[in-house]
Amino acid sequence: MDDALSKILAKPLTSRNALKLERLARRRLKHGEVAFVADLGIGLARHHRSATEFDSLFDRLVRLLAVTPGAEPVGQLVRMLAAGRPDDPAFDRYVASMLAACRRPEDLTVVFDGGSGGVAVSDELRACLVHELVIRGVPVAEMPGIAGWATSPHWRDHPLGGLPLAPIAAEREPDLPHYSVDGSSHGLPYWDPEERHPAPRLDTRVPTAVETTTAAATAAMAAAVADWSDDPEEPEGRVEARTFAFADPLEPDAVPGALVALGLDCLVDLGDLPGPGEETAFGMVAVEPAEVWQVLFAAASTGGAYAPGRYGAYGRLRAWRSLAALAGAPADASAGEVEEYVRGCAWYRFGAATPWFHRVVWDLGVLAVAPDRRRLAVLAATTTD
């Protein structure tokens, strides 16, 4: 550490000094002094980790290195993380999302080999980065410098280790965040809560149904929206996930009536619907599995009104679990088997103007009808700020 940096770090880390240090880091980085930014972050971690301003300043230094083009900033970022946030899985998810969004895949090999200095990199960061790249369409199993780690069996017991290294057909067009040194943004691809539809026919014969919901199935189907109801920051969050078996096959035109007749909490107080052809705030639309996956992925990766998201890798894992469970795939099904189950179901989205839904932004209603049309799985969720 040079004398100038030692003098800087000898001063208290106040909010005013933190702002000065960030401006200094930007100037030095602009002049190509990439190592200085990492040295500053490492020094701050050693001398000012307990300061109130440490986390926010360290985050801004991470962003500086993450968005700067070239392989060297990635190597310096890895070095800084090893000293500043050596065991922080939540931060690893965040960094992996930024790196995958901002950098070329070939710039990221240092994360998997540690670079010439052999810097220790957490398996959590590597695992998250693998799947952040996968959902962006990068063929990680073929990428020099990444494939060796990504295809190694040593991380098969990691929570992300069972996900395929290439997207299945339903995993397309995910809504992904954009990062800059000053912040980030992402879309909210939920369906318009004020959308209106032609009133569905509810007079079609509905076969007798019995509920088959289990605790395990509920947890799996609700995986993508679990934070909407489990996080104390989301007191207004509600989730309903249930399965039903029908005595006879459920014909397509009977699905709306069946949904209304099942006694779902989310449809209590639905009220009288207008006649056929008139518009209503209760509606159901047949959709492709990809549209269901997109909203499940958004729910898991971006979070709710207040609960933080899980970013891309764990967002993918949670959306995968929800989609597979809705489709009725066994818990131990392979990726190929899950894809077959998903492809075989008929998928729908629905919305309703009931007191259960907040009807702001974060409303979700999806259901899957099995190929034999005797099983229906439904997931509804809502939250608000």
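Throughout what follows, the structure given in this document is the object of discussion. (Residues numbered from 1 in each chain as written. Predicted model: local features only at pLDDT ≥ 70, side-chain atom pairs only at ≥ 80, totals over all residues. Heavy atoms only, no water.)

## Remarks on the pattern of salt bridges
One pass over the structure, following the stated rule, counts 21 salt bridges. If you follow the salt bridges from partner to partner, you end up with Glu22, Arg26, Arg60 and Asp182 in one network. (Salt bridge = Lys/Arg side-chain N within 4 Å of Asp/Glu carboxyl O.)

## Brief notes about the sheet that holds strand E7 (residues 283-287)
Think of a sheet as strands paired side by side through backbone hydrogen bonds, with each pair either parallel or antiparallel. Within the open sheet, the 6 strands sit side by side as E4-E5-E10-E9-E8-E7. Their pairing is antiparallel. Of all strands in the sheet, those with a lone pairing partner are strand E4 (209-211) and E7, marking the two edges. Going across the sheet, the axis of each strand differs from the next one's by a mean of 25°, ignoring polarity. Bridge count for strand E5 (residues 238-246) against strand E10 (residues 375-383) is 8 bridges, and the pairing is antiparallel. Across the sheet, Val239 pairs through a bridge with Ala381, a residue of E10. (Pairing = 2+ DSSP bridges. Helix = DSSP H or I, 4+ residues; strand = E, 2+ residues; numbered from the N terminus. Axes fitted to C-alpha atoms, helices over the stretch in contact; angles between N-to-C directions.)

## Considerations on the nonpolar core
Counting 103 residues, the largest nonpolar core has Val111 and Trp347 as its most contacted members. Ranked by the residues each element gives to this core, the list is headed by helix H14 (residues 311-327), at 10 residues. When near neighbours in sequence (up to four residues on either side) are disregarded, Val111 contacts Val74, Val78, Leu99, Val121, Leu125, Arg126 and Leu129. Of all hydrophobic cores here, the second largest spans 24 residues; its members include Phe246, Leu270, Leu367 and Val378. (Core = buried A, V, L, I, M, F, W, Y, C linked by side-chain atoms within 4.5 Å. Buried < 20%, exposed > 50% of the residue type's maximum accessible area, 1.4 Å probe, protein only. Contact = heavy atoms within 4.5 Å.)

## Observations concerning helix H13 (residues 289-302)
Across its 14 residues, H13 extends 20 Å between first and last C-alpha, which sits within 8% of the 20 Å expected from 1.5 Å per residue. With 13 of its 14 residues buried, H13 lies for the most part within the structure. (Expected span 1.5 Å × (residues − 1).)

## Considerations on unusual backbone geometry
A positive phi is found at Glu173, a non-glycine position, where the angle reads about 55°. With respect to the helices, strands and loops of the structure, Glu173 is situated in the loop between helix H9 (147-150) and strand E1 (178-180). Even without being glycine, Tyr311 reaches a positive phi, approximately 65°. By relative accessible area, which is 27% here, Tyr311 ends up partly exposed.

## Considerations on the packing of helix H4 (residues 54-67) against helix H6 (residues 89-102)
Two elements in contact, H4 and H6, have axes separated by 9 Å at closest approach and are oriented at 30°. In terms of their interaxial angle, H4 and H6 are classed as roughly parallel. Pair H4 / H6 crosses with right-handed handedness. Contacts between H4 and H6 involve Phe58, Asp59, Val62, Arg63, Ala66 and Val67 from the first element and Phe91, Tyr94, Val95, Met98, Leu99 and Cys102 from the second. Tallied by class, the residues present in the contact of H4 with H6 amount to 10 nonpolar, no polar and 2 charged. (Parallel < 35°, antiparallel > 145°, perpendicular 65-115°, else oblique. Left-handed = near helix turned anticlockwise from the far one by under 90°. Nonpolar A, V, L, I, M, F, W, Y, C, P; charged D, E, K, R; others polar.)

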